[in-house]
Amino acid sequence: MRKSTFAALALMGSVALVGAAVTPAMAATTDTTIATVAVTGGVLTMVAPETAALTAIVSSSAPQTASAELTGVQVIDDRASIAIWTATATLSAFVPTNGSTTVIPLTTATYVPDAAVVTVSPTTVVTPSSVTDLTDPETVQVSAGGTSSNTATWGAKVEVTVPALALADIYTATLTHSVS
Amino acid sequence: MAVIGVIFLLSVASSAAQAQESGISGGAVAEVEGGQGVGIKLLDMPESTQSDPRTRTYIVDQVGPGTVLERRVQIQNNSTSDKVVYVYVSSATIQDGNFVGDSSSSQNELTTWTTLEQSQLKMPSGSEVDVLATISVPSDASEGEQYGAIWAEVRSAPLAGSSIVQASRAGVRIYLSVDEGNGTPADFAVGSLTPSRDAEGLPTLSALAENTGGRAIDISGELNLANGPAGLSAGPFTVQQATTLAPGDSGEVVFTLSDELPNGPWDATLSLKSGLVEREVTATITFPDAGVGETVAPNEAPVLLITLVSSGVLLLLIAAGTLIVLRRRRKTATPAVETAHADASV
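I will try to describe carefully the structure that is included in this document. Note that the structure is predicted; figures quoted are calculated from it, not measured. (Residues numbered from 1 in each chain as written. Chains lettered and ligands numbered in written order. Predicted model: local features only at pLDDT ≥ 70, side-chain atom pairs only at ≥ 80, totals over all residues. Heavy atoms only, no water.)

### A look at the overall build of chain B
Secondary structure assignment for chain B yields 5 helices and 22 strands. Counting across all 346 residues of chain B, residues that qualify as buried make up 49%. As presented, chain B carries roughly 15,400 Å² of accessible surface, and 52% of it is formed by carbon and sulfur atoms. (Helix = DSSP H or I, 4+ residues; strand = E, 2+ residues; numbered from the N terminus. Buried < 20%, exposed > 50% of the residue type's maximum accessible area, 1.4 Å probe, protein only. Areas by Shrake-Rupley, 256 points an atom, 1.4 Å probe, with all protein chains shown as cover.)

The structure is reproduced here in structure tokens:
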């Protein structure tokens, strides 16, 4: 009798283990065709670089390169689920402040990330990937699967090629980091 | 300390003298602030797929045309200042084994079906806001899988004379499959294993994975080595990079190992998974001294057992089996006890 009680408890325990990770959604939406439950865990965050400075250049008869060293780009993954994420970078078109007609190409703009320093869950593997065209979002860091929260911090070098005989001006662009 | 919002300024002067006179210097204008930024997470997952870890993080669903999906995402401002957060949906693509969210203006059918309750939030430091996303799949929607992401984006404040801002954004992926029936389930196969040494001389093992199912998959996993020289074992080694594959796509899953490992031969056991789908293969491999080694076809371990273990069904079966055995034993044991009593009373 005791054994069968124990076995019954073991059965209940198995069920509890399988269903432990989720709780019913208290504020479940109505008018939905698919029943849902609430997800626990934290958020995924992209933190922009601490520093970024493009070097000034002097117009020349040959193409030149302006570069920027980024530090402190950070992904914080507190979702405590499958810790897979992809971080990307992209650059918007450079806009001249004073109406210059020089076009600074993004197809030759590069982003070379350092290896990320991973904390919180140092066993999570994060792999850097260099980009040679920043026109569209391109992958710069990818995490491998895990089950723990992790924080990855990296620096990167961004380089922009300024065409020969570029008109003097101050050009501005937007650097976007994404994570999903 | 962290910085939200960096505007790249590129100064081009016609001469060095002009650059000096005008005080032009290259630089970035940054709005410095502390805290942990603005993050996003999925709040609702389908009740029917709650054991699948992918559906806890992403919107992963397979629906018929005419279906309406509602999911909430939560956005948290964990920075130390108030923020304006832009919330929107963009298309996404799977490129070279990675899920890549497109720029904010990029659209596909999925984004046109998706509406968000709010598009701009004024969030005090430490606040959180739930945003409802509704995906209304039209009744004439074509079958297939589409990808997108719901983004929470923070931009730097526009500066005087400039309307260009920088963005940092975090997103919740959407993998939505439209199919009249149940659709082709997620599945993948491991085709071959290739040991090699990379440019730095580190031993690597590449596994060719093929998405043989009808849904995109995110493959991760680990590698164990056993029965090596002098009986050595090593591992588990975690895959270097999660690989995302669209249906029909193939991609390499690469493990980079320690240079202290002898060449082998080793009995390699590779466990790869995407959500609840798991594949375990074994093969005997030998790392080359340099370059690419011999490619081997792996043996696949029983899949059913792995799937049952991962879903917890095996636990239930064991418990149920134990109950049945115990009940049978009790039935057969009871008469024996009665006989013993009878003997004692004689």
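### Points about the nonpolar core
Nonpolar side chains in soluble globular proteins generally cluster together in the buried interior. Tyr111 and Trp154 of chain A together with Ile75 of chain B are the most contacted members of the largest nonpolar core, which has 63 residues in total. Of the residues forming this core, the biggest block, 6 residues, is contributed by strand β12 (residues 150-162) of chain A. Leu223, Leu225, Leu245 and Val253 of chain B belong to the second largest nonpolar core, which has 30 residues in total. (Core = buried A, V, L, I, M, F, W, Y, C linked by side-chain atoms within 4.5 Å.)

### Here we look at the pattern of salt bridges
Under the defined criterion, the tally for this structure stands at 10 salt bridges over all chains. One salt bridge connects Asp77 of chain A with Arg79 of chain A, and the closest N-O pair in it is separated by 2.8 Å. Each member of the pair, Asp77 of chain A as well as Arg79 of chain A, carries the same accessibility label: buried. Asp218 of chain B is the salt-bridge partner of Arg173 of chain B, the closest N and O atoms lying 3.5 Å from each other. With Arg173 of chain B in strand β13 (residues 167-178) and Asp218 of chain B in strand β16 (residues 217-226), the pair connects residues that are 45 residues apart, well separated along the chain. According to the relative accessible area criterion, Arg173 of chain B is buried, its value standing at 0%. Judged by its relative accessible area of 2%, Asp218 of chain B is buried. (Salt bridge = Lys/Arg side-chain N within 4 Å of Asp/Glu carboxyl O.)

### Considerations on the side chain of Ser206 of chain B
Tracing the chain through its elements places Ser206 of chain B in strand β15 (residues 203-211). Under the relative-accessibility criterion, Ser206 of chain B is labelled buried at 10%.

### Description of the environment of Thr101 of chain A
Residue and element names in this part refer to chain A. With respect to the element layout, Thr101 can be found in the loop between β7 (95-96) and β8 (110-113). Taking the relative accessible area as the measure of exposure, Thr101 reaches 65% and is therefore exposed. C-alpha separation for the pair Thr101 and Asp169, spaced 68 residues apart in sequence, amounts to 9.6 Å.

### Concerning the environment of Asp82 of chain B
All names here are of chain B. The topology assignment puts Asp82 in the loop between β6 (68-79) and β7 (83-95). Since its relative accessible area comes to 59%, Asp82 is described here as exposed. With near-sequence residues (within four places) excluded, Asp82 lies in contact with Asn77, Met123, Pro124 and Ser125. (Contact = heavy atoms within 4.5 Å.)

### Comments concerning the side chain of Asn108 of chain B
Residue and element names in this part refer to chain B. Considering the arrangement of structural elements, one finds Asn108 in the loop between β8 (98-101) and α3 (109-113). A distance of 2.9 Å separates a polar atom in the side chain of Asn108 from the backbone oxygen of Tyr147. In contact with Asn108, not counting residues within four places along its chain, are Ser91, Ala92, Gln146 and Tyr147. (Polar contact = N/O pair within 3.5 Å; in protein donor to acceptor, adjacent residues only side chain to side chain.)

### Quick notes on unusual backbone geometry
For residues that are not glycine, phi is negative in most cases, and the peptide bond is trans in most cases. Residues and elements named next belong to chain B. Here Gly235 and Pro236 are connected by a cis peptide whose omega angle stands at 5°. Position of Pro236 among the secondary structure elements: in strand β17 (residues 234-238). Gly264 connects to Pro265 through a cis peptide bond whose omega is 10°. Position of Pro265 relative to the elements: it lies in the loop between β19 (250-256) and β20 (266-274).

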